[in-house]
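Given next are the chains, with one letter for each unit.
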Amino acid sequence: MNEGQTRVEQRYVLEQLLGRGGMGHVYLAHDEVLRRHVALKVIAPEWVDDRKFRDAFAREARALAALRHDHVVRIYDAVARPECTYLTMERVPGRLLSTLMEQHLAHGATLPPFRALTILQQIAGGLAAVHAAGIVHRDVKPENVIIEEGSGRPVLIDFGIASKYRVEEEPAGTPAYLAPEVIFGGPADPTADVYSLGCMAFELLTGRLPFEHENLPELYQAHLGHERPLVSSRRPELGSFDLVVQRAMARRAADRYTSALEFAAALGDAMERWSRGETLPEPARESSDALRILVIDDDDDFRKLAARAAQLALYQQKVLVSTARTGVEALAIARRTPPDVVILDYDMPGLDGIDTLSRLRAIPKGGDARVIVVSATVTDAVRWRFGILGVEDFFGKTEGFAGLVGRILEVMNRYGWARAETR
Ligand code: ATP
Ligand code: MG
């Protein structure tokens, strides 16, 4: 690669730096052969000098390339030559889970628990697939999860590919999430990833890391020690998750869940205990080729207005507009017929917009829905709260009927759903 040019091997045109880290730079690049955007990670020269590193890099990329999972970034290509070592992968537009979490913390809030738990379960599922391919991630943390714009799909990125070949005094990985055995340079196996995911679970649920020591030896001492904080010490209402998170973070690998799937299942059981009493009807599903719009608002006038705006915006195609007065009603409809587009009120009694969408995202096909959030005024708080659910489209109720028609059309066009002819 020639740094002076913005190309890698004639094939990839580098368009934008997405991030830089210990192993190299990640770019948004255009693949001129397949004519699509990719994320391209160029490995820094200091790593690629080592033959063993390159072999491990190629071997692990090959194993990952065979893997297909919704919550793991897809690997397209890997090249490991002394003068040019890089990896291309699916470009996931969106924001880092760490960034979204920081926005909540900056406003004195934590993630909606149901949403946090769904993300954890999905990432655990992805991690299990990674393990099944014979790879240990080695750096599970919110900074390595992208929440995809539009769908809210959490995607695991940044595998510690070949990082065991790093010749450093520091163990590979991020200290705040590091399993005790890895601190001493022991082999990282899948249970080490379960440990890191346990730390991440504690963080997503409470807004704080389990161990917050600034000083590295003290931090390692805490991981190696016998004490583990309980989720309920920070969030008394989340006591159902105490034992589950604690077991994932067990000091001895043998005391942890033996697999990421087992951890995910335990989280699921705890969620059931936690939300017992909240019963949602589960009617049979209907299928239809019409575009399904779901309007959710407790305000009768706006609900009707929004339903009419959707009809008008999409008059050229077959649409099915349903309306719901409450989040619970909306979820019952969404289970029967998963919506393509949701027009969602933020402020509702009972389940509010966040609670409703957190649950909707967790039901089958719930990630397919493109969502427009409506609110009396679209404040900054409305935007950052919905970021964790992949929402980027907002509408102020004062913007009027024509404005809403326009916004719906804009969203439909963006996602390629507006049709010139009737379907
Ligand atoms: P390392 O762990 O090797 O030191 P790193 O943490 O810098 O590297 P990544 O986490 O893979 O490497 O990527 C850095 C940044 O690039 C990410 O934080 C993210 O913003 C962006 N990025 C990485 N992969 C993708 C992708 N597939 N799609 C979109 N953005 C990505
Ligand atoms: Mg990273």
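Residues numbered from 1 in each chain as written. Chains lettered and ligands numbered in written order. Predicted model: local features only at pLDDT ≥ 70, side-chain atom pairs only at ≥ 80, totals over all residues. Heavy atoms only, no water.

Details of the site of ligand 1
Defined as follows: One heavy atom within 4 Å of a molecule or strand makes the whole residue count as near it. Polar contacts, as used here, are pairs of N or O atoms within 3.5 Å; protein pairs need one atom able to donate a hydrogen and one able to accept it. Residues neighboring in sequence count only if both atoms are side-chain atoms. Working definition of accessibility: Shrake-Rupley area with a 1.4 Å probe, residue cover restricted to the visible protein chains. A run of H or I in DSSP counts as a helix once it spans at least four residues, and a run of E counts as a strand once it spans at least two, with each numbered from the N terminus.
Around ligand 1, a shell composed of 20 residues is seen, among which G21, G22, E90, V92 and D158 lie nearest. At 2.8 Å, a backbone N or O of E90 approaches a nitrogen atom of ligand 1. At 2.8 Å, a side-chain N or O of D158 approaches an oxygen atom of ligand 1. In isolation ligand 1 offers 620 Å² of accessible surface; the protein chains occlude 86% of this area. Of all the secondary structure elements, the ones that give two or more residues to the shell around ligand 1 are β2 (12–21) and β4 (36–43). Among the elements that take part in the shell around ligand 1, β2 stands out by supplying four residues, more than any other.

Things to note about the coordination of the magnesium ion (ligand 2)
For clarity, the cut-off: Any N, O or S atom lying within 2.8 Å of the metal counts as a donor, and for Na, K and Ca the limit rises to 3.2 Å; water is left out, so some sites can look incomplete.
At 2.2 to 2.3 Å from the magnesium ion (ligand 2) lie its protein donor atoms, namely N144 (OD1) and D158 (OD). In this pair, N144 is assigned in the loop between α4 (113–132) and β8 (145–148) and D158 in the loop between β9 (154–156) and α5 (180–183), connecting sequence segments 14 residues apart.

A short note on helix α13 (residues 353–362)
Counted only if it meets this: For the exposure calls, accessible area comes from a 1.4 Å probe over protein chains only, and a residue counts as buried if that area is under 20% of its type's maximum, exposed if over 50%, partly exposed in between. Contact criterion: two residues are considered in contact whenever any of their non-hydrogen atoms come within 4.5 Å of each other.
Here α13 lies mainly inside the structure; eight of its 10 residues are buried. Along α13, the residues that are buried comprise G353, I354, T356, L357, S358, R359, L360 and R361. On the buried face of α13, the contacting elements are α4, β10 (291–296), α12 (327–336), β12 (341–345), β13 (370–375) and α14 (380–387). The backbone nitrogen of I354 lies 3.1 Å from a side-chain oxygen of the residue at the head of α13, namely D352.

Some details on the pattern of salt bridges
As a reminder, the rule being used: For this document, the term salt bridge refers to a Lys or Arg side-chain nitrogen within 4 Å of an Asp or Glu carboxyl oxygen.
The tally for this structure, following the rule as stated, stands at 25 salt bridges. Between R153 and E148 there is a salt bridge, with its nearest N and O atoms 3.1 Å apart. The salt bridge partner of R247 is E262, with a shortest N-O separation of 3.5 Å. Placement of the pair is R247 in helix α9 (residues 242–248) and E262 in helix α10 (residues 260–274), with a sequence separation of 15 residues. In this structure E262 comes out as partly exposed when scored by relative accessible area, which is 30%.

Points about unusual backbone geometry
Phi at E9 takes a positive value of approximately 50°, unusual for a residue other than glycine. Take E9: it is sitting in the loop between β1 (7–8) and β2. Look at K365: it is not a glycine, yet its phi comes out positive at around 70°. Mapped onto the elements of the fold, K365 is located in the loop between α13 and β13. Looking at K365, the relative accessible area reads 54%, which means it is exposed.

What about the side chain of H104?
Mapped onto the elements, H104 comes out in helix α3 (residues 97–106). Owing to a relative accessible area of 2%, H104 belongs among the buried residues under this scheme.

Section: the sheet that holds β2
For clarity, the cut-off: For two strands to count as paired, DSSP must find a minimum of two bridges between them. Axis lines are fitted to C-alpha atoms, over the contacting stretch for helices. Their N-to-C directions set the angle, which ranges from 0 to 180 degrees.
The strand order across the open sheet built from six strands is β1-β2-β3-β4-β6-β5, with neighbouring strands paired in antiparallel fashion. Edge positions in the sheet fall to β1 and β5 (75–81), since each has one partner strand and no second. With eight bridges connecting them, β2 and strand β3 (residues 24–31) associate as antiparallel partners. When the sheet's bridge partners are listed, Y12 is paired in β3 with D31. Helix α2 (residues 51–65) contacts β4, β5 and β6 (84–89) of the sheet and is inclined by roughly 165° relative to β5.

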